[in-house]
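Per-entry structural report
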Amino acid sequence: MTPEVKEAIISYVEKTHEKINKDTSICYQLKALFSQLATQTADTHGITKNLGMSGDDVFIQQDIEEYFRKLLNEVATESEGSCKILQIYQSKVINSLKCLNCKTETPEECILLDIPLPIRSFNLSIRFKSVIDSFEDFLKVTTLSGDNLCYCETCDEKTETETRYYFESLPKILAVQLKRFEFDYFKMCFTKLDDELEIPLKLTFQKKITDTDKTEWSLISVESKEAAKTHLTYLESPPSNVPRNEEYEESQKPAKDESQKHNTTYELFAICDHSGGYGSGHYVAYIKPISSCNWYCFNDTKANKIGDLISRTDCDGVGSPSSMPYISLPTAYMLMYRKEEVSTYQVEFGQADRGQEKNVLAGLSLSPRIF
């Protein structure tokens, strides 16, 4: 749980005027867990019970992405929306259908708590190298033709149609699900894809206002960053054999500053890792606390500092995907990115809770396991 989520839940439990049943309240059980983690060994009996698991059910593997959404929705339902937990994770994604005949565009709004990204192409023939490739595939434009023609109400007939997804708004915490479980039509069963994927430490999105005054956030690819870096470097230090045009160079600076204002960068801070196959296996979590530059592995009742998770750090944000700072894991299942900004949470956690990091690590005992 991030500081924002922790604060929202604690605030609701302490300030609500409704009578809370401690045994059946998921919010109360989470607040109690936060308190236990700060001072002593903790358990999740109350949480698993409120999520509908009891007895031997806690030893049956569940899908962590499914229970991530279930937990957030349970908190939102219990608090009747007063605990603004969903807003922390919600992305507004638009599914756009555009008729290629009359150019009519039909948008459908989708509110997602996590973004499902493929790690292979639709027919599974192409393996994506990085999460950026997966994002680009998720956001790509696809033309529906032939047997896949869509009915257009304006044209009153089936026409060729362009379909795509785009972000209209981005969340504070961007949760990503890597779609490792796919249905194999040859074997007629679900299988797990153990493809190794490069997970960038940072993702940058650029805001664009369209001609129809709609907001659209697009992922900035590595190539775009490299081109921008080269352009900015030239403005700052043109070659000696090129005559300086100070008036022109000065006129370019506001445009550069203005474009940067519309960029939003996310930093990776958590990975949920699944080892095993479909229907069985084991979950661990890799987390980098806000107050620390270190990564920790949370494995049931154990929490250990790890130092070799990052695969490459010899790049300043420009270059080919293989030269970018990234983490490469064949078993990463869910990713958590935090929007970069100066916030009171960073200040408060850094000053007040920095000393609690060891206490939280030492007091972690999440048995029985939820996932």
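For every chain, the first residue of the written sequence is number 1, and numbering continues from 1 along that sequence. Only residues with pLDDT of 70 or above have their local features reported here, since the model is predicted, and side-chain atom pairs are shown and tallied only from 80 upward, although totals for entire chains, interfaces and linings are computed over all residues. Excluded from the side-chain calculations are hydrogens and water; all other atoms, namely the structure's heavy atoms, are used.

**Structural notes on the overall build of the protein chain**
Secondary structure assignment for the protein chain yields 10 helices and 19 strands. For the protein chain, the proportion of its 371 residues judged to be buried stands at 41%. Throughout, a residue-residue contact means that at least one pair of heavy atoms, one from each residue, lies within 4.5 Å. Long-range pairs, those at least 24 residues apart, make up 64% of the contacts in the protein chain between residues at least 6 apart in sequence. Per-residue and other accessible areas were derived by the Shrake-Rupley procedure at a 1.4 Å probe size, with only the shown protein chains allowed to occlude residues. Surface exposure of the protein chain reaches about 20,800 Å², of which carbon and sulfur atoms provide 49%. Secondary structure counts use DSSP, requiring at least four H or I residues in a row for a helix and at least two E residues in a row for a strand, with both numbered from the N terminus. Whether a residue is buried, partly exposed or exposed follows from its accessible area with a 1.4 Å probe, protein chains only, as a fraction of its type maximum: under 20%, in between, or over 50%, in that order.

**Thoughts on unusual backbone geometry**
Even without being glycine, Glu 80 reaches a positive phi, approximately 55°. One can find Glu 80 in the loop between helix 4 (64-78) and helix 5 (86-89). A positive phi angle, close to 55°, is found at Met 188, a residue other than glycine. With respect to the helices and strands, Met 188 occurs in the loop between strand 9 (181-184) and strand 10 (189-192). Owing to a relative accessible area of 54%, Met 188 belongs among the exposed residues under this scheme.

**Regarding the environment of Pro 171**
Within the secondary structure layout, Pro 171 lies in the loop between strand 7 (161-169) and strand 8 (173-179). Here Pro 171 falls in the buried class, since its relative accessible area comes to 2%. Between the C-alpha atom of Pro 171 and that of Leu 113, which follows or precedes it by 58 residues, the distance is 8.9 Å.

**Thoughts on helix 2 (residues 26-39)**
A rise of 1.5 Å per residue sets the reference length of helix 2, with its 14 residues, at 20 Å; its end C-alpha atoms lie 20 Å apart and thus fit the reference within 8%. When we look at burial in helix 2, the residues that qualify are Ile 26, Cys 27, Gln 29, Leu 30, Lys 31, Leu 33, Phe 34 and Leu 37. How far a helix is expected to stretch is found by multiplying one less than its residue total by 1.5 Å.

**Regarding helix 4**
The first and last C-alpha atoms of helix 4 sit 21 Å apart over 15 residues, in line with the 21 Å expected at 1.5 Å per residue. Pairs of N or O atoms are called polar contacts if they sit within 3.5 Å, as long as, within protein, a hydrogen donor faces a hydrogen acceptor (for residues adjacent in sequence, only side-chain-to-side-chain pairs). Where helix 4 starts, the residue carrying a side-chain oxygen 3.2 Å from the main-chain nitrogen of Glu 65 turns out to be Asp 63. Trailing helix 4 by a residue or two, Glu 80 shows a phi angle of about 55°, which is positive.

**Focus: the confidence of the model for the protein chain**
Do not read the fine detail of predicted coordinates wherever pLDDT is low. Each residue carries a pLDDT score, the predictor's own confidence in it, on a scale running from 0 to 100. Overall, the predicted model of the protein chain reaches an average pLDDT of 80, with 77% of residues at or above 70. Residue range residues 251-260 is modelled with pLDDT below 50. Its contacts to residues more than four positions away, or to other chains, number four contacts. Here residues 342-371 scores under 50 on pLDDT; set against residues more than four positions off or in separate chains, the count is 62 contacts.

**Here's the deal with the pairing of strand 8**
Counting buried positions over the seven residues of strand 8 gives six, a clear majority of the element. DSSP calls a pair of strands paired once it identifies at least 2 bridges connecting them. Note that strand 3 (residues 115-118) and strand 8 share four bridges and pair parallel. The residue of strand 8 that forms the bridge with Leu 117 is Leu 178. As defined by bridge partners, strand 8 adjoins strand 19 (residues 332-339) across five bridges and the pair is classed as antiparallel. Looking at strand 19, one finds that Val 176 is bridged to Leu 335.

**Considerations on the packing of helix 2 against helix 4**
As a rule, the C-alpha atoms of each element are fitted with a line to give its axis, helices using only the stretch in contact, and angles between N-to-C directions run from 0 to 180 degrees. The interhelical angle for the contact between helix 2 and helix 4, taken along N-to-C directions, is 115°, at an axis separation of 9 Å. Contact with helix 2, carried on its side by Ile 26, Cys 27 and Leu 30, involves Leu 71, Glu 74, Val 75 and Glu 78 of helix 4 and no other residues of that element. For the contact of helix 2 with helix 4, the per-class residue count stands at five nonpolar, no polar and two charged. The residue classification treats Ala, Val, Leu, Ile, Met, Phe, Trp, Tyr, Cys and Pro as nonpolar and Asp, Glu, Lys and Arg as charged. All others, Gly included, are polar.

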